[in-house]
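The chain contents come next:
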Amino acid sequence: MFENFFVAHPSSDLQIDPIRPRKGMIIGAGQVGMACAYSMLIQNTLDEMVLVDVAKDKLEGEVMDLVHGLPFVEPTAVRGGAIADGAGADIVVVTAGVGQKPGESRLSLVQRNVELLKKLIPEIVQHCPNAILLMVSNPVDILTYAALKLSNLPSSRVIGSGTVLDTARFRYLLAQKLQIDPRSLHAYVIGEHGDSEVPVWSRLNVAGTPLYEAATEENPDADQAALQEVFVQVKNAAYEIIQRKGYTSYAIGLAVTQIVQAILRNQNRVLTVSSLMNGVNGLQDVCLSLPSVVNRQGVTRVLKTSLSDREHAQLQQSAQTLKQVIEQLDL
């Protein structure tokens, strides 16, 4: 019917090697998964996007809603399906998880999410053996560790979103106080993505100028209190947002997109993703966040971050908090 609308170019029979499309799969079409999908779509992150969810009707509706906007963005093939439909994906983003039941302990919730991973991970590895696995489901550090053990993939290729969002919140709130663009401020949150996370005050700087020491020397009591209040807001941000709207989605969607772009575009970007620690800053056999180099191979280097004695102790405590949960898991 449409053949006459197209005219073959005189040289169209020339055989060339096609450019390999960037293919990604997002498992979980809830609020977070769809925020990731939308953010990646409008930022031209993938050439092919496969969405997977057990709620088939919802999945179909979400895909329809996305594809109707394709005339407004760069070309991307978007479809829903099963994990097998994501075969050969370059990156697999896992946002799926079970909700917490009333009165359920955190450990029980973690174990139920681990049971979900026991079903998902082998199938992901079967169909996407060369993919980078990016965990976003919470508790992200624990589930990153579980995914690593269940997949038997190289540790460089199993990473978590970690404290990338916490670091962004930290920079935003500090930049608001300093009245500068948050992209011009260098600050990190490390350790667990959770209550034991650690703000690295000693490395806070703008254009190489350390800010924390100067501020606290001028007016130690007032400035210490003001700065600590910033971190309290960072640590409690998710709780506050969930209390008001029921979930977080937009910012984590943007954060995940940055991680995916760093991987697929081989950017060698430093991000506070969660990955397996074996010796860095004295940490062993635990997944948590430190500034890390992210590229097409996943996490290729973890920076040995220079910390104050207090920050080092807090990081060790954060690691111990995670290990206590890991030791109780049935993997």
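Remember, predicted model here, so these are calculated numbers, not experimental data.

Draft legend 1. Fine view of the confidence of the model for the protein chain. Averaged over the protein chain, the pLDDT score is 90; the fraction of residues at 70 or greater is 89%. A low-confidence stretch, residues 215-222 (pLDDT under 50), is modelled with five contacts involving residues beyond four sequence positions or located in other chains.

Draft legend 2. Seen up close, the layout of surface pockets. In this model, the largest pocket occupies a volume close to 1,300 Å³. Around the largest pocket, the lining comprises 41 residues; the ones closest to its centre are S137, N138, P139, H193 and I242. Only α1 (31-42), α3 (106-127), α5 (164-178) and α7 (220-245) provide two or more residues apiece to the lining of the largest pocket. When residues of the lining of the largest pocket are assigned to their parent elements, the largest contribution, five residues, is made by α7. For the lining of the largest pocket, a count of residues per class yields 16 nonpolar, 17 polar and eight charged. The computed volume of the second largest pocket comes to approximately 780 Å³. Taken together, 30 residues line the second largest pocket, and the ones lying closest to its centre are V164, L165, T167, A168 and R169.

Draft legend 3. Broad picture of the packing of aromatic side chains. Scanning all chains against the criterion turns up one aromatic pair. Ring centres 5.1 Å apart and planes at 80° place the aromatic pair F170 and W201 in the edge-to-face group. Here F170 is found in helix α5, whereas its partner W201 is found in the loop between β9 (198-199) and β10 (205-206), with 31 residues between them in sequence. With respect to burial, F170 and W201 carry one shared label: buried. When the ring centre of Y188 is taken as reference, the NZ or CZ atom of R171 above it lies at 4.9 Å.

Draft legend 4. Spotlight on the sheet that holds strand β11 (residues 209-210). With antiparallel pairing, the three strands of this open sheet are ordered in space as β7-β10-β11. The sheet terminates laterally at β7 (185-186) and β11, the two strands that pair on one side only. Note that β7 and β10 share two bridges and pair antiparallel. In the strand pairing of β10, L185 is matched with V206.

Draft legend 5. Quick look at the pairing of strand β5 (residues 132-135). Going residue by residue along β5, you find I132 and L134 tucked away on one face and L133 and M135 tucked away on the opposite face as well. Two elements, strand β4 (residues 91-94) and β5, share four bridges in a ladder whose sense is parallel. In the strand pairing of β5, V94 is matched with M135. Handedness of the crossover joining β5 and strand β6 (residues 158-160) through helix α4 (residues 140-151): right-handed.

Draft legend 6. Structural context of the nonpolar core. One finds M25, I27, V92, I124, L133 and L288 to be the most contacted residues of the largest nonpolar core, which totals 46 residues. A per-element tally of this core places α4 first, with seven residues. Those residues in contact with I124, other than ones at most four positions away along the chain, are I27, I83, V92, V94, P129 and L133.

Draft legend 7. Inspection of helix α2 (residues 56-67) at higher detail. Between its first and last C-alpha, α2 extends 16 Å over 12 residues, near the 16 Å set by a 1.5 Å rise per residue. Within the span of α2, buried status applies to L59, V63 and L66. Within α2, the buried residues cover an arc of 65° as seen down the axis, which keeps them to one side. Facing away from the buried side of α2 by more than 90 degrees, the exposed set consists of D57 and D65.

Draft legend 8. Region of interest: the pairing of strand β1 (residues 23-27). Most of β1 sits inside the fold, with five of its five residues counted as buried. Going residue by residue along β1, you find K23, M25 and I27 tucked away on one face and G24 and I26 tucked away on the opposite face as well. Strand direction decides the pairing type here: β1 and strand β2 (residues 48-52), joined by five bridges, are parallel. Looking at the pairing, I26 lines up with L51 of β2. Following the chain from β1 across α1 to the adjacent parallel β2, one finds a crossover that is right-handed. Summarising the sheet, β1 and β4 pair through four bridges and their orientation is parallel. Opposite I26, over in β4, you have V93 as the bridge partner.

Basis of the calculations
Residues numbered from 1 in each chain as written. Predicted model: local features only at pLDDT ≥ 70, side-chain atom pairs only at ≥ 80, totals over all residues. Heavy atoms only, no water. pLDDT = per-residue confidence, 0-100. Contact = heavy atoms within 4.5 Å. 1 Å grid on protein atoms, 1.4 Å probe; cavity = no way out; pocket = protein on both sides within 12 Å on 5 of 7 lines; lining within 4 Å. Points joined across faces, edges and corners; volume = space filled by probe spheres on them. Helix = DSSP H or I, 4+ residues; strand = E, 2+ residues; numbered from the N terminus. Nonpolar A, V, L, I, M, F, W, Y, C, P; charged D, E, K, R; others polar. Phe/Tyr/Trp six-rings, centres within 6.5 Å; stacked < 30°, edge-to-face > 60°. Buried < 20%, exposed > 50% of the residue type's maximum accessible area, 1.4 Å probe, protein only. Lys NZ or Arg CZ within 6 Å of the ring centre and 35° of its normal. Pairing = 2+ DSSP bridges. Right-handed = clockwise from strand over helix to strand, strands pointing away. Core = buried A, V, L, I, M, F, W, Y, C linked by side-chain atoms within 4.5 Å. Expected span 1.5 Å × (residues − 1). Arc of directions from axis to C-beta.

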